[in-house]
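Below are the chains, spelled out letter by letter.
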Amino acid sequence: MGKTAPTIAKPVSNDVRLRRLYRTMLTIRRTEEALVGLLAEGLIPGFIHLSIGQEAIAAGVMDVLTPADTITSTHRGHGHAIAKGIRLDKFFAELLAKDAGACRGRGGSMHVADIAQGMLGANGIVAAGIPIALGSALAHQTLERDAVAVAFFGDGAMAEGLLHECLNLAKLWNLPVLFVCEDNGWGEFLPTAQQIVFTLDRLAAAHGIPHVPIDGNDVASVAQAAGEIVANIRSGGGPAILDCHTMRVGGHYEGDPQRGRDPGDLAKAAARDPLTIAAKDLSNAAVAKIETEVTADIAAAIAFARLAGEPGWDDAVASVYAADAA
Amino acid sequence: MGKTAPTIAKPVSNDVRLRRLYRTMLTIRRTEEALVGLLAEGLIPGFIHLSIGQEAIAAGVMDVLTPADTITSTHRGHGHAIAKGIRLDKFFAELLAKDAGACRGRGGSMHVADIAQGMLGANGIVAAGIPIALGSALAHQTLERDAVAVAFFGDGAMAEGLLHECLNLAKLWNLPVLFVCEDNGWGEFLPTAQQIVFTLDRLAAAHGIPHVPIDGNDVASVAQAAGEIVANIRSGGGPAILDCHTMRVGGHYEGDPQRGRDPGDLAKAAARDPLTIAAKDLSNAAVAKIETEVTADIAAAIAFARLAGEPGWDDAVASVYAADAA
Amino acid sequence: MGELRYNHAVNRAMADAMAADPTVVLFGEDVAGAGGVYGATRGLRDRYGGKRVRDTPISEAAIVGMAVGAALSGLKPIVEISFIDFMTFAMDAVVNQAAKMRTMFGGQCSVPMVLRTQHGGGAGSGPQHSQCLEAWFAHVPGLKVVCPGDPASAYGLLRAAIDDPDPVIVVEHKALYATRVPEPNSLPILSIGKAAILRPGRDLTIVSYGAALRAAAEAAGRLAAEGIETEILDLRSLQPWDEGAVLASLARTHRLLIVHEAVEAFGIGAEIAARMADVGFDELDAPILRVGAPFMPSPVAKALERRYLPNPESVIAAVRRLLA
Amino acid sequence: MGELRYNHAVNRAMADAMAADPTVVLFGEDVAGAGGVYGATRGLRDRYGGKRVRDTPISEAAIVGMAVGAALSGLKPIVEISFIDFMTFAMDAVVNQAAKMRTMFGGQCSVPMVLRTQHGGGAGSGPQHSQCLEAWFAHVPGLKVVCPGDPASAYGLLRAAIDDPDPVIVVEHKALYATRVPEPNSLPILSIGKAAILRPGRDLTIVSYGAALRAAAEAAGRLAAEGIETEILDLRSLQPWDEGAVLASLARTHRLLIVHEAVEAFGIGAEIAARMADVGFDELDAPILRVGAPFMPSPVAKALERRYLPNPESVIAAVRRLLA
Ligand SMILES: Cc1ncc(C[n+]2csc(CCOP(=O)(O)OP(=O)(O)O)c2C)c(N)n1
Ligand SMILES: Cc1ncc(C[n+]2csc(CCOP(=O)(O)OP(=O)(O)O)c2C)c(N)n1
Ligand SMILES: [Mg+2]
Ligand SMILES: [Mg+2]
């Protein structure tokens with residue numbers, strides 16, 4: 001592709017960066033905690049899947065992306081949307097299925113998107129976002145944009161043939177796409193160890209795709225690794241895999257009784273909280289300040305969402321096709 | 001599975017075996033050559049895909065299977081059906097879409113099946129036979145049968161996600177299934193080198209599945225390797241892959257002008273003819289005798305097929321559901 | 001007197017079939033350990049063992065394809081695809097393989113598999129988890145499709161599906177799993193292809209199935225207060241569907257309304273209307289009307305979803321048009 | 001005077017669109033090097049380069065999914081799936097993704113992709129390569145479906161599909177690729193959703209599309225010799241379909257026959273009949289009839305396949321019933 005020198009989106013001092021990363025993670029955390037309450041209030045339709053404990057991946061990867069870069073997400077996509085820059089008020093309004101939502105209340109939790117920010121949608125279908133990211137990368141490549149596409153997927157999605165088709169195609173066409181596996185050890189109610197026999201590193205090796213394993217709960221490491229890999233992809237290096245080891249703190253969906261789950265496993269997850277890990281390298285004052293600011297932002301966004309109006313029926317009916325189409 | 005000692009279907013002296021293998025290959029060859037003529041006569045509906053030059057794989061693998069073992073095949077499935085024991089008269093009648101055909105003339109070339117022989121069908125859909133073989137293996141395992149299932153597929157099918165889902169599942173459940181890749185270097189009109197970035201050996205390694213590469217044009221080697229692998233699968237060893245390197249002598253379908261193809265490549269294929277290779281270790285007399293017998297068998301089968309009646313309309317209409325169903 | 005819940009009826013059908021026939025097996029995502037997303041498979045692994053009741057990876061295409069192969073080789077597999085929306089990954093195995101094999105292989109084999117899945121709205125699950133795609137399957141020769149609207153049919157149709165030598169798609173409804181009826185005296189295996197008259201009436205016929213029956217029943221109740229007597233037919237089976245029963249009812253009432261949750265355009269109701277506009281033409285005293293979802297994806301917002309789904313008001317409005 | 005072949009018209013539509021708009025790209029199995037199974041993409045890579053015209057591996061699910069992503073990010077992808085039967089692997093991308101995004105994302109985006117595919121029989125290709133599955137797509141809100149029956153529509157509808165901001169499925173027919181007409185004076189871009197009157201007539205209306213139009217036309221010709229004047233409507237577009245044109249024709253003839261190659265049950269014709277049994281009820285002087293494939297997989301044997309496909313005799317028989 002003959003690109004110019006790799007650009008990292010927001011290169012600044014480590015401390016500034018860590019604070020930014022922490023803020024993003026905390027925003028995701030507090031947002032999802034607030035969603036639990038809103039769900040209990042009966043304000044959120046359907047199921048929601050929380051990424052509590054996994055925020056470092058979204059925060060770290062998105063930190064090295066530009067607005068021109070695109071991502072596709074999963075059913076567990078709140079963090080991706082927030083880290084990619086969706087406005088919080090529109091996010092909450094969307095989760096509450098309000099007309100002022102990012103998707104005018106027609107997507108909800110599993111389909112949050114912010115196309116202008118390059119967030120091409122959470123996705124209710126396991127693995128379905130992966131080829132969409134490939135297609136977006138194909139557009140970047142064909143139109144010679146200095147942009148990459150990122151496909152987020154869970155470890156359970158590795159059993160879908162679609163991922164395998166996409167690995168092959170991405171390499172074959174040298175697409176500027178980053179595969180990010182959020183390996184939380186679970187696919188719904190069953191440990192992925194009981195679902196998947198291969199490991200992603202060996203699969204990647206079979207395809208000749210670089211594979212970088214990383215502690216997905218250490219946001220600084222994620223950002224560092226993502227930065228290097230994305231720079232390489234930007235400069236025409238072709239697809240790569242970032243394999244993030246993390247833990248699902250909550251259930252598969254909010255309210256999941258987590259029957260089969262070992263309590264020790266839950267304790268382990270709590271001990272590896274990405275917020276705690278990041279906070280170690282920040283001053284207490286910085287942490288407190290971020291907490292205050294984030295809390296205020298979220299409160300404002302929720303207030304907005306609560307007051308926002310319901311989506312209109314006629315608007316929805318008219319939304320299926322472009323108005324100006326033949 | 002705790003099976004008893006592995007059984008090779010038909011263990012006999014090498015010479016007897018080689019003659020049997022040669023006969024199978026020659027039957028496939030002469031059958032397909034005859035099909036070319038029948039197609040030109042306008043007697044065969046639709047496209048046909050010939051396995052000329054690839055007969056050693058079908059002959060070698062099927063030689064180590066018992067009638068209880070099951071196989072699933074591809075669009076290029078004539079050889080598999082013949083080697084698995086379909087009656088030639090019913091085969092030809094099927095290709096001519098006659099009522100006396102193995103499938104009463106309703107399958108034709110791409111859907112030849114002989115369920116009683118464990119031949120669960122050629123298949124017009126790339127990769128679609130693979131999970132069917134897995135399911136058959138699941139039945140063998142669940143019902144504690146001393147049987148294995150074999151999935152034949154082409155190298156082009158490696159791009160279908162379905163294969164990858166099946167590799168994972170086969171290993172996860174330790175299914176008695178053999179994956180046989182017929183790697184002829186082509187997927188339709190494009191070399192597979194331009195379609196697939198990974199190699200099957202490394203893919204197999206990623207799954208912890210044994211992978212045995214073999215010269216697919218040397219029938220003795222194929223039979224030898226298949227025998228050992230199938231014995232291991234029978235004794236509970238779980239899935240394995242037999243990766244057969246071969247060459248497509250003709251076009252993708254009979255009549256394919258083979259535009260993009262290098263003539264040198266065609267010459268190379270001719271030089272590696274599996275019949276020639278096998279004949280080296282047989283006496284001229286033996287070869288001549290087999291030729292005579294096979295020719296006679298095929299002539300009789302074709303005569304039968306030509307005279308057979310057309311399938312009936314009412315029968316076909318009534319064939320969609322079981323007559324005795326609720 | 002106990003009660004029978006829809007998801008327990010589904011469970012009992014599988015349990016009874018597995019007890020009766022050792023070749024019946026069940027697999028799907030989270031059916032074994034977790035007992036299914038809607039609890040319909042709970043306890044089956046404990047009772048019938050891990051060999052017969054298995055959790056699968058998230059590989060819809062492969063697991064439905066496996067069911068086909070298993071059915072060809074002596075098992076009677078029940079495979080669960082937890083949302084019909086995910087069938088989009090597994091259409092080949094059902095449509096190109098299972099459905100065609102009996103004919104295509106000249107009667108050499110049966111494919112006695114059951115695909116249990118679940119459709120519909122009411123849970124705010126949004127556009128990718130609320131579709132009603134049963135019309136796709138009804139259009140494919142070789143498949144049978146049933147859609148139980150109450151616990152007794154859930155039992156009776158699933159048992160029939162498991163017994164059937166051909167591939168049957170059983171479409172349950174997420175909003176029905178928790179519904180219950182008093183424990184019936186008997187729980188017969190039903191016949192695929194037979195409709196049931198849920199309510200007799202002389203003024204018009206409503207043909208419906210699945211969860212939409214509730215809207216029809218509620219509407220009929222309210223209309224009865226005005227002296228309008230609605231006959232309600234529960235199709236139960238969509239392929240084959242009981243043309244004779246629909247025609248007989250039409251011959252009594254001369255007015256037909258079809259109600260379903262699927263998108264109206266090109267839905268199940270289209271075929272019923274089309275057949276009645278042919279074989280039932282002389283019986284018709286009024287246009288054939290349909291109530292189905294408008295041509296748009298399922299809304300997420302509760303108020304919109306309520307309006308999107310068939311409801312007593314939309315049914316009553318259609319009835320008034322029909323009787324006008 | 002030259003001639004225009006159907007596959008050349010398809011080719012020219014893509015070539016013209018690619019010349020007019022650099023964001024139009026094409027990919028699919030064997031579309032670049034080989035020029036497509038039916039030659040419809042021949043020469044396009046030479047003219048527009050390997051970046052815009054690409055051969056793909058055999059990965060239908062991924063390539064259709066890629067088209068969705070490409071369409072979201074500034075390209076206008078045309079993706080070819082060489083047989084509609086293979087769409088069984090790629091339904092998620094079309095149905096759950098492309099179709100829903102405009103609504104589901106609240107109007108933030110268009111998904112201007114075209115999926116070219118091919119259906120139908122007549123080539124002895126058997127049960128897995130002859131299906132007509134267009135009704136599946138017509139049932140999905142958010143998709144458009146067109147089905148050109150002649151070279152000029154093949155051009156005009158494909159151009160319209162490429163220009164359209166929404167996902168359009170273009171269903172060609174294998175038996176039409178080699179058909180030709182005298183080179184038309186002009187080759188306009190057609191409007192999706194508009195039917196065309198191929199033959200005016202006062203006695204009955206035949207609504208049809210695709211290759212089945214040939215049987216309808218042949219039948220109409222023979223019937224004309226007996227003084228029966230058939231009006232033939234080519235739907236061209238199946239979703240949306242031209243309800244106004246069908247109704248207007250019915251209002252003239254008062255008799256309706258729908259002819260298509262797809263399996264009759266739950267096919268495209270069902271919806272047309274159902275709508276006319278509603279909005280056109282007062283115009284009907286006779287039952288609405290359909291000619292479609294019987295409920296069975298496509299036969300392989302030539303004689304059976306001929307009988308399976310709509311043919312002048314089956315159309316004439318239906319017309320006689322209609323006029324009886
Ligand atoms: C095609 C498809 N199959 C099944 C499901 C149901 N489902 C939703 S999330 C999920 C588990 C996904 O696991 P993983 O990819 O690891 O993501 P995680 O939930 O762990 O973040 C499943 C099976 C689905 N949504 N789509
Ligand atoms: C799902 C599907 N996609 C595409 C095709 C068209 N097709 C038929 S054979 C073939 C090539 C298969 O290549 P390979 O698997 O290597 O088998 P070979 O023909 O070389 O024996 C293709 C693309 C098909 N039949 N099914
Ligand atoms: Mg996971
Ligand atoms: Mg090949």
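Small disclaimer: the values here were computed from a predicted structure and weren't measured.

**A few points about the relation of the copies chain C and chain D**
When chain C is brought onto chain D, the operation consists of a screw motion whose angular component is 180° and whose axial shift is 0.0 Å, with 0.0 Å RMSD remaining. On this basis, the relationship between the two copies can be described by a two-fold rotation axis. A shared binding surface is used by both copies, with 100% of the interface residues of chain C retained as interface residues in chain D.

**Looking at the domain arrangement of chain C**
All names here are of chain C. For chain C, the assigned domains are domain 1 (3-182) and domain 2 (196-323). Of the residues lining the interface, 26 residues belong to domain 1; the matching set on domain 2 comes to 22 residues. Taken together, both faces of the contact between domain 1 and domain 2 bury some 1800 Å²; the carbon and sulfur share is 59%. For the pair domain 1 and domain 2, the number of links is 0 salt bridges. Applying the counting criterion to the domain 1 and domain 2 interface returns 9 residue pairs in polar contact (both at pLDDT 80 or more). Breaking the side of domain 1 that touches domain 2 down by element, the ones donating at least two residues are helix H5 (134-138), strand S6 (144-146) and helix H6 (151-163). Split by residue class, the side of domain 1 that touches domain 2 holds 13 nonpolar, 10 polar and 3 charged.

**Let's talk about the coordination of the magnesium ion (ligand 4)**
Residue and element names in this part refer to chain B. Bound to the magnesium ion (ligand 4) on the protein side are Asp155 (OD), Asn184 (OD1) and Trp186 (O), at distances that span 2.0 to 2.2 Å. Every donor residue of the magnesium ion (ligand 4) comes from the same chain, spaced as D-x28-N-x1-W. A relative accessible area of 9% means that asparagine 184 is categorised as buried.

**A short note on the coordination of the magnesium ion (ligand 3)**
All names here are of chain A. In this structure, Asp155 (OD), Asn184 (OD1) and Trp186 (O) serve as the protein donors to the magnesium ion (ligand 3), at separations of 2.0 to 2.1 Å. Ordering the donors of the magnesium ion (ligand 3) by residue number gives the pattern D-x28-N-x1-W. On the criterion of sequence distance, the pair formed by aspartate 155 in the loop between strand S2 (149-154) and helix H6 (161-172) and tryptophan 186 in strand S4 (residues 186-187) is long-range, its members being 31 residues apart. Aspartate 155 sits in the buried class, given a relative accessible area of 1%.

**With respect to the environment of Glu60(C)**
Structurally, Glu60(C) can be placed in helix H3 (residues 60-72). Owing to a relative accessible area of 3%, Glu60(C) belongs among the buried residues under this scheme. Residues Glu60(C) and Asn11(C), spaced 49 residues apart in sequence, show a C-alpha to C-alpha distance of 21 Å. Leave out the neighbours within four places in its chain, and Glu60(C) touches Glu160(A), Glu165(B), Glu29(C), Ile81(C), Phe86(C), Phe89(C) and Ala90(C).

**Here we look at the site of ligand 2**
Surrounding ligand 2, one finds 21 residues, the nearest of these being His75(B), Arg76(B), Gly124(B), Gly156(B) and Glu60(D). Nearby residues place ligand 2 at the junction of chains B and D. Here Gly156(B) contributes a backbone N or O atom positioned 2.7 Å from an oxygen atom of ligand 2. Here an oxygen atom of ligand 2 sits 2.9 Å away from a polar atom, N or O, in the main chain of Trp186(B). Coverage of ligand 2 by the protein chains reaches 97% of its 580 Å² of free accessible surface. Taken together, the residues of the shell around ligand 2 break down into 7 nonpolar, 8 polar and 6 charged.

**A short note on the site of ligand 1**
Not every one of the 21 residues close to ligand 1 is listed here, only the nearest: His75(A), Arg76(A), Gly124(A), Gly156(A) and Glu60(C). Each of chains A and C places residues next to ligand 1. Here an oxygen atom of ligand 1 sits 2.8 Å away from a polar atom, N or O, in the side chain of Asn184(A). Out of a free accessible area of 580 Å², ligand 1 has 97% covered by protein chains. Broken down by class, the residue content of the shell around ligand 1 amounts to 7 nonpolar, 8 polar and 6 charged.

**Brief notes about helix H3 (residues 60-72) of chain D**
Residue and element names in this part refer to chain D. An ideal rise of 1.5 Å per residue puts 18 Å on 13 residues; H3 measures up with 19 Å between its terminal C-alpha atoms. Across the 13 residues of H3, 13 count as buried, placing the element largely inside the fold. One or two steps after H3, the chain reaches glycine 74, where phi turns positive at roughly 105°.

**A word on the sheet that holds strand S4 (residues 76-80) of chain C**
All names here are of chain C. The 7 strands are arranged S3-S2-S4-S5-S7-S6-S12 in an open sheet whose pairing can be described as mixed. Every interior strand has two partners, whereas the edge strands, strand S3 (53-55) and strand S12 (237-239), have only one. Within this sheet the neighbouring strands show an average axis-to-axis angle of 20°, counted without direction. Pairing of S6 with S12 involves 2 bridges; the strand directions are antiparallel. Pairing of valine 146 across the sheet is with serine 237, part of S12. Strands strand S2 (24-28), S3, S4, strand S5 (114-119) and strand S7 (168-173) of the sheet are contacted by helix H1 (residues 6-20), whose axis makes an angle of about 135° with S2.

**Considerations on the interface of chain A and chain C**
Contact residues are listed per partner, giving 33 residues for chain A and 28 residues for chain C. Summed over both partners, the interface of chain A with chain C comes to about 2600 Å²; 66% of that surface belongs to carbon and sulfur atoms. For the chain A face of the interface with chain C, the top three residues by lost area are Ile125(A), Glu160(A) and Trp313(A), together amounting to 24%. Summed over the shared surface of chain A and chain C, the number is 0 salt bridges. Viewed at the interface, chain C and chain A are joined by 9 residue pairs in polar contact (both at pLDDT 80 or more). A per-element tally of the side of chain A that touches chain C places helix H12 (residues 313-317) of chain A first, with 3 residues. Across the side of chain A that touches chain C, the residue classes break down as 16 nonpolar, 12 polar and 5 charged.

**Considerations on the interface of chain C and chain D**
Contacts between the two partners involve 51 residues from chain C and, on the opposite side, 51 residues from chain D. With both sides pooled, the region where chain C packs onto chain D buries about 4500 Å², and carbon together with sulfur makes up 66% of that total. In this assembly, chain C and chain D are joined by 6 salt bridges. The closest approach of N and O atoms between Glu271(D) and Arg290(C), which form a salt bridge, is 2.7 Å. Our enumeration of links across chain C and chain D arrives at 25 residue pairs in polar contact (both at pLDDT 80 or more). Only helix H4 (91-104), H5, S12, strand S13 (256-263), helix H9 (268-276) and strand S14 (289-293) of chain C provide two or more residues apiece to the side of chain C that touches chain D. For the side of chain C that touches chain D, the class distribution of residues is 31 nonpolar, 10 polar and 10 charged.

**Digging into the environment of Arg30(A)**
All names here are of chain A. As for its placement among the helices and strands, arginine 30 is situated in helix H1 (residues 14-40). The exposure class of arginine 30 is partly exposed, given its relative accessible area of 24%. Along the sequence, arginine 30 and valine 177 sit 147 residues apart, while their C-alpha atoms lie 30 Å from each other. If we skip the residues at most four places from it in the chain, arginine 30 touches Glu291, Val294 and Ile298.

**Overview of helix H6 (residues 151-163) of chain D**
Residue and element names in this part refer to chain D. Helix length check: H6 (13 residues) gives 18 Å between terminal C-alpha atoms against 18 Å at 1.5 Å per residue, within 8%. The element H6 is extensively covered by neighbouring structure, given that 11 of its 13 residues are classed as buried. Among the residues of H6, those classed as buried are Pro151, Ser153, Ala154, Tyr155, Gly156, Leu157, Leu158, Arg159, Ala160, Ala161 and Ile162. If you check the start of H6, you find a side-chain oxygen 3.0 Å away from the backbone N of alanine 152, and it comes from aspartate 150.

**Quick look at the nonpolar core**
In this structure, Phe179(A), Phe179(B), Phe137(C), Met113(D) and Phe137(D) are the most contacted members of the largest nonpolar core, which totals 280 residues. Among all residues touching Met113(D), those that are not within four sequence positions of it are Val64(D), Ala67(D), Val68(D), Ala71(D), Pro77(D), Val79(D), Ala98(D), Asp166(D), Pro167(D) and Val168(D). Formed by 63 residues, the second largest nonpolar core is a distinct cluster that contains Val148(B), Ile233(B), Ala240(B) and Ala305(B).

The rules we used
Residues numbered from 1 in each chain as written. Chains lettered and ligands numbered in written order. Predicted model: local features only at pLDDT ≥ 70, side-chain atom pairs only at ≥ 80, totals over all residues. Heavy atoms only, no water. Least-squares fit on C-alpha atoms with pLDDT ≥ 70 in both. Contact = heavy atoms within 4.5 Å. Domains from an automatic or database assignment. Buried area = accessible area lost by both parts, 1.4 Å probe. Salt bridge = Lys/Arg side-chain N within 4 Å of Asp/Glu carboxyl O. Polar contact = N/O pair within 3.5 Å; in protein donor to acceptor, adjacent residues only side chain to side chain. Helix = DSSP H or I, 4+ residues; strand = E, 2+ residues; numbered from the N terminus. Nonpolar A, V, L, I, M, F, W, Y, C, P; charged D, E, K, R; others polar. Donors = N, O, S within 2.8 Å, 3.2 Å for Na, K, Ca; no water. Buried < 20%, exposed > 50% of the residue type's maximum accessible area, 1.4 Å probe, protein only. Near = heavy atom within 4 Å. Areas by Shrake-Rupley, 256 points an atom, 1.4 Å probe, with all protein chains shown as cover. Expected span 1.5 Å × (residues − 1). Pairing = 2+ DSSP bridges. Axes fitted to C-alpha atoms, helices over the stretch in contact; angles between N-to-C directions. Core = buried A, V, L, I, M, F, W, Y, C linked by side-chain atoms within 4.5 Å.

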